[in-house]
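# Coordinate analysis (summary)
Here are the chains, one letter per residue:
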Amino acid sequence: MPGRESARRPRLRRPNRGGIVALVAVVALIVLLTSLRGIAGFYTDYLWFDSLQLAGVWRTIVGSKLVLTLIFLAIFFVLQFTNLMIADRLAPAFRPPGPEEEIRERYHAIVGHRAGLVRWSISGLFALIAASGVSSQWNEWILFTHSQKFNIVDEQFHKDVGFYVFRLPFLSFVVNWTFAAVVTIFLVTATMHFLNGGIRSRTANDSQRVTPQVKAHLSLLLGVLALIKAADYWLGRYELTGSTRGFVDGAGYTDVKAQLPAISLLMVISLFSFVLLVVNIWRRGWVFPVVTVGLWALVAIVAGTIYPAFIQRFRVDPAESQREQVYIERNIRATREAFNIEPGQDIEIGEFDYTSQITAADIRANADLLQQARLLDPLEVHNTFQSLQGLKSIYRFPGNSLDVDEYLIDGKPTQVLIGARVLDVSREASFEKKHVSNTHGSGVAIAYANRVNAQGLPEFLVQGVPAVAESEFIVPFDKQQIYFGEDLSGYAIVGATRPEVDYVDKNNQEVTIFSQGVGGVKMGSVFRRAMFALRFGQIDPLISSYITSNSRVLYVRDIRERVEKVAPFIRWDSDPYPVVSDGHVVYMIDGYTTSNHYPNSQRADTSSVPGGSGLRTSFNYVRNSVKATIDAYDGSVRIYKYDPNDPILTAYASAFPELFSPMSEMPPDLKDHIRYPLDLLRVQTAMWSRYHVDEANAFHDGLRWWAIAQEPGREVPKNNNTDNTQTTAAVPATKAQPQVSPYYVQMRLPGETDLSYVAVRTFVPFAEKSSSAAADEANRRQNITAMMVAHNDADKPVKLQVYELPGDNPPAGPAIVSARINTVPEISKEITLLNAEGTTVRFGDLLTYPIANSFLYVLPLYVTGDEKSDVVTTKVPALSKVIVAYGSSADQIAIGDSFSQALSKLFGQSFDDIFGGSPTTPTTPSTPTTPTTPGGTPTADARVQQLVKDIQARYADADTALRAADLKRWAELQDQIRLLLAQLNALVAPK
């Protein structure tokens, strides 16, 4: 019987509250255990900032993330909860039977009197989801709340640039988030109306599928969506200034004449839709909403997509230069402002009255320059530094970490190569060795950039552990320990009961210290130690008997990682460089503020920027806004406001007042080592290669564009040809050839008398590379059209200078010079002999020096052991030859064992008096007294004899070193002997 079946139906039991509490407790415990490491990282991050006296920065960043999350979470929760409450109150008192009624009965049977709890739970769950990614907008929020004016207005909407950079990004996010939130609220609310019976799938009367109250509620929500979309269209008008549709970035002809009217029309339709949806509350059916959505979609497709595409294809493309002229002019002005390349304001433009001739008198007139000419290439001699100055297996010079700098030596600004000797943390070791005893590197190695010894190896000014200065140019080291450096991972614990190994002396005995005054975070209580153990994923910091409460832990020791953590809103340069300051080592690194929202500016060409740089990203505005210093001993970080006029930096300084210091507080000895960053110069030269053209039509045609000069290459392929006539060095540029890198050098600029320490990059004519024929044309167009130099003088008001060369007689570019060098028989023979079995030849930087309205090219040549050779095992590159060239003919190129010898051969007279018998004269194991041919090169027999003598001398020296137990010196001599034997084998081997 029906009544009996109803009686047998099991009654729904209320859940056991004790079981729910136990389940919640278990889940909470699991979440806590899995989150402990994250909690430890969060807590120790605060301790790290506090140790740098920058806890306010941590609080501001974390607070911004928290405030944003709470605000948006609260907004969504309130809106969702309110709408669910309205949905419950609008539930019909009577629900007619229908196919979905069983679902509703089950829902209400489960919910019962817990409708309020359901509303809270649903609102809270979706609020958490909606607010989960909001914290990532903390940077935009900080800029929005500390917005500044640029006092520059865009030329389309006449609004200050600050609106686009500081306000528009966050406003766009808010509108998009709000639209997504209301869509979610609409769907959840409609579902609740369905469960409450306000929406039915089938009824006898179709007009009763939605009750009037529910229809009014949902119509109002759809109306709100229409208003939000109208706001989105309003902001979208301004976003056209970042359009990429036209010939250049920014609002172009199609954007202004077609897309902008379409957006305005869609905004009107959105407002009209809101009115119709409100009116629909008092009408039966859904005709108005359907018509509104249909009209909206039709206009969006036709006016927003089809019409602009039609205008672009049939009106703009056939006469692009004419249609886009005004917008190209706007783009040129905006791009120059955004990248600090405005002629007359940021760049001084001059002419270089080039001639192809250089005389011996010109060489003598530039003796001071040539004495300082850089011969050592930091990329090529890195392994040399590692071999000669690494000294112990625990030390290393990180890859590409050698830097060119300038120090005052004997009263003269002198170029040097400098590298910091950091700890090698990659070695397998116990906890004690890796984190407690071996904690730091030691000092720096500094070598003359223009000198080598008789073996072609660097002549060091500062060397050894502990470092010893061979000159009075620096004060004695009092803190040589390098606790923080480049490419330095892991952590170290100082102030333990076990002493640290400071260095190993000449007698191979460990010298130990107990560090004092080092930075870091106090280990403190057992709780702190447990937090550090969780952070590092090792239990040793908690249980080690060497660690006390007063011990300090050093972490985040890599220079770039350190500044990125301190100021994550700054984009940092790829190349920190060490400076000797007040008896210890301080790293300097450049920081940039960027934006991708500068109106009508072109996106940066970053193709030649190193991958590790903060500028290897998308942006259309940049400033070298800050210079940061990091003490290698205690890890303290100082960030100086280098460009206080930058509005973005002003905004950040307002948000983080304790983080930035004025440049006046930078110590003078550090200020002397400020340099123009090469990453920025790469970007600015790439942009200037096109934006030196200021006429719209000429810019569109591209005939006056430049390109960055082609990299001539460093590799010298092995050549099995035995006639010594085939070229073995780099070939002319190909389609895939990279751009030449900028470099630091001392130079006498045209029209000036004093030497300047500058960064240099050269330009050649532009040629498209879309086809093989165009690529061939690009290879032929490799003459220098201009040269940009960036001054390293911090006090110079204009940092950039461009020298344009005449178009009728342009000098050869680096790729042409390299190819021309390889056609000289004498040079080809020399390279073939040196590039023999067991040795490898590589070129250094091809440096370009303005001399007497011409260019003198200097190309160092290095020899090192071949990795696959059984004859030579050394990988220490030695400077073996120097090639000099000028003009355009083969007789204006010469090679020598030294720079002075190459110059003497090139100009037919000796220049030894210029170099004063300095160690730059001999650069190979030969001596200048060996017999020579009439052309000035040693005869083959004489070279063999000299090599034999050098080998015998080194065998004797090696025997002496072995008897004295000087294994380091013995190993160095063995490497030199193998290199000399390889050269001897190349000379005497049958051809």
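Everything below is about the structure shown above.
Residues numbered from 1 in each chain as written. Predicted model: local features only at pLDDT ≥ 70, side-chain atom pairs only at ≥ 80, totals over all residues. Heavy atoms only, no water.

Further remarks concern the overall build of the protein. Counting its regular elements, the protein contains 30 helices and 31 strands. Looking at the protein as a whole, 54% of its 991 residues qualify as buried. Sequence-distant contacts, at least 24 apart, represent 69% of the contacts inside the protein between residues at least 6 apart. Split by element, the accessible area of the protein, about 44,000 Å² in all, is 55% carbon and sulfur. (Helix = DSSP H or I, 4+ residues; strand = E, 2+ residues; numbered from the N terminus. Buried < 20%, exposed > 50% of the residue type's maximum accessible area, 1.4 Å probe, protein only. Contact = heavy atoms within 4.5 Å. Areas by Shrake-Rupley, 256 points an atom, 1.4 Å probe, with all protein chains shown as cover.)

Time to look at the environment of Phe173. You can see Phe173 is positioned in helix H7 (residues 161-196). Note: C-alpha distance between Phe173 and Gln137 (36 residues apart in sequence) is 8.4 Å. Among all residues touching Phe173, those that are not within four sequence positions of it are Phe72, Val134 and Gln137.

With that settled, the discussion passes to the pattern of salt bridges. As enumerated under the stated definition, the model contains 29 salt bridges in all. For Asp913, the salt bridge is made with Arg364, and the minimal N-O distance between the two is 2.8 Å. Taken as a pair, Asp913 in helix H28 (residues 912-915) and Arg364 in helix H13 (residues 360-365) lie far apart in primary sequence, 549 residues in all. The shortest N-O distance in the salt bridge between Glu380 and Arg842 comes to 2.9 Å. With a gap of 462 residues between them, Glu380 in the loop between helix H14 (367-371) and helix H15 (382-389) and Arg842 in strand E27 (residues 839-843) connect regions that are remote in the sequence. What makes Glu380 buried here is its relative accessible area of 7%. (Salt bridge = Lys/Arg side-chain N within 4 Å of Asp/Glu carboxyl O.)

In this section: the packing of aromatic side chains. Given two aromatic rings, their pairing is described by the distance between the two centres and the angle made by the two planes. Counting across every chain of the model gives 46 aromatic pairs. Each ring, one from Phe150 and one from Tyr598, has its centre 6.0 Å from the other, and the planes form 80 degrees; the classification is edge-to-face. Of the two residues, Phe150 is situated in the loop between helix H6 (138-145) and H7 and Tyr598 in the loop between strand E18 (584-595) and strand E19 (621-631); the sequence distance between them amounts to 448 residues. Taking relative accessible area as the criterion, Phe150 reaches 11% and is therefore assigned buried. (Phe/Tyr/Trp six-rings, centres within 6.5 Å; stacked < 30°, edge-to-face > 60°.)

Moving on, we come to the environment of Tyr633. As for its position among the elements, Tyr633 is in the loop between E19 and strand E20 (637-641). The spatial distance from the C-alpha of Tyr633 to the C-alpha of Val585 is 7.2 Å, given a sequence separation of 48 residues. When neighbours within four sequence positions are excluded, Tyr633 is seen to be in contact with Lys479, Gln481, Tyr483, Phe484, Gln516, Gly517, Val518 and Val585.

In this structure, Tyr555, Ile639, Phe656, Leu659, Phe660, Phe899 and Leu903 are the most contacted members of the largest nonpolar core, which totals 220 residues. Sequence-distant contacts of Leu903, defined by excluding residues within four places in its chain, comprise Ile363, Leu370, Leu856, Val884, Phe911 and Phe915. In this structure, Ala226, Ile228, Ala230 and Tyr238 belong to the second largest nonpolar core, which totals 23 residues. (Core = buried A, V, L, I, M, F, W, Y, C linked by side-chain atoms within 4.5 Å.)

Moving on to the environment of Ala467. Topologically, Ala467 is positioned in the loop between strand E8 (458-463) and strand E9 (468-469). According to the relative accessible area criterion, Ala467 is buried, its value standing at 10%. It is 7.5 Å that separates the C-alpha atoms of Ala467 and Ala445, two residues lying 22 residues apart in sequence. Excluding its chain neighbours within four sequence positions, the residues that come into contact with Ala467 are Val444, Val462, Phe477 and Gln480.

It is worth spelling out a nonpolar patch on the surface at this point. The grouping of Val67, Ile71, Ile75 and Leu79 at the surface amounts to a nonpolar patch, some 290 Å² of accessible area in total. The topology assignment puts Val67 in helix H3 (residues 55-89). A relative accessible area of 38% means that Val67 is categorised as partly exposed. (Patch = residues over 30% accessible without salt bridge, like charges linked within 9 Å, V, L, I, M, F, W, Y side chains within 5 Å.)

Attention now goes to unusual backbone geometry. With an omega dihedral of 0 degrees, the bond running from Val465 to Pro466 counts as a cis peptide bond. Mapping Pro466 onto the fold places it in the loop between E8 and E9. One non-glycine residue with positive phi stands out, namely Val556, at about 55 degrees. Considering the arrangement of structural elements, one finds Val556 in the loop between strand E15 (552-554) and helix H19 (559-566).

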